[in-house]
Structure formats: structure tokens, C-alpha cells
Amino acid sequence: VIDTFWFNNKYISYSNCLTYSFFYYVLLTMQSLNLALLSFDRLIAITFPLRYQIIVSLKTMFSLVAACWIISIFDMIVAVGFLIRLSFCRSVVINSYFCDYGP
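In this report, the structure presented in the accompanying data block is examined. Note that this is a predicted model, so its numbers are computed, not measured.

**So, the packing of aromatic side chains**
Turning to step 1, where the next piece is worked out: What the rule picks out here adds up to three aromatic pairs.
Turning to step 2, where the next piece is worked out: Here the aromatic rings of Phe22 and Phe23 are separated by 5.2 Å at their centres, their planes lie at 75°, and the arrangement is edge-to-face.
Turning to step 3, where the next piece is worked out: The class for Phe22 is buried, based on a relative accessible area of 17%.
Turning to step 4, where the next piece is worked out: Relative to Tyr25, the ring of Tyr24 has its centre 5.2 Å away and its plane inclined at 80°; by these criteria the two rings are edge-to-face.
Turning to step 5, where the next piece is worked out: Relative accessible area serves as the criterion here: at 37%, Tyr24 is assigned to the partly exposed category.
Turning to step 6, where the next piece is worked out: A network of ring pairs unites the aromatic residues Tyr20, Tyr24 and Tyr25 as a single cluster.
Turning to step 7, where the next piece is worked out: For the cation-ring pair, Arg51 lies above Phe48, with the distance from its terminal atom to the ring centre recorded as 4.8 Å.

Cut-off values and rules
- Residues numbered from 1 in each chain as written.
- Predicted model: local features only at pLDDT ≥ 70, side-chain atom pairs only at ≥ 80, totals over all residues.
- Heavy atoms only, no water.
- Phe/Tyr/Trp six-rings, centres within 6.5 Å; stacked < 30°, edge-to-face > 60°.
- Buried < 20%, exposed > 50% of the residue type's maximum accessible area, 1.4 Å probe, protein only.
- Lys NZ or Arg CZ within 6 Å of the ring centre and 35° of its normal.

Pasting the structure below:
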């Protein structure tokens, strides 16, 4: 990405593009899931203020965050796996900085 923007290089190898899109979407999905976990935490704090410490323990939150990471990584592995199977993805060089996977 730095090579694309700083040195105005408009070509990226296919493996680099897949790697970039994989990590981009994993982190984007994790950000959304973390916001959902924060809202769950606030929901429990407002709904059950006296039982908050029991319901939201370190073990519970660690399990939820680990589940979010697993869901995010598995989802992107499946998406990138489907992307690899497309016929236009067999070229060596893609004329884009982002593979146009998202749209």
C-alpha cells in the first residue's frame, strides 16, 4: 500500500493483493464485532446492574473476544477462498491497489 501511494506504482501482485484484502477485512470485521461487544457490555450494565460483575467476567469477555476473532478470520478465509476460484483472478498482476473485492 505504501508503494502504491508514495511511489505511484499502480500494480500489485495478486498474492499481495489477497493478503492486503484479507487483513483489511479481518480488522474491519473485528472493529464491528468489538463495537457489538461494547454494546453488549453496556446492555448488561444497564439491564442487570447488580449482577453485572457475575455476568461480565474476565472469562466471559475473553471467550466473546476470542469467538469474534475466530468468526472474523474464518469468514475472510472463506471469502478469499471463493475469490481465488474466480477466472479473472488467475492473472499475475492486478491493475488496482485493492483488487476490487469489496464492491
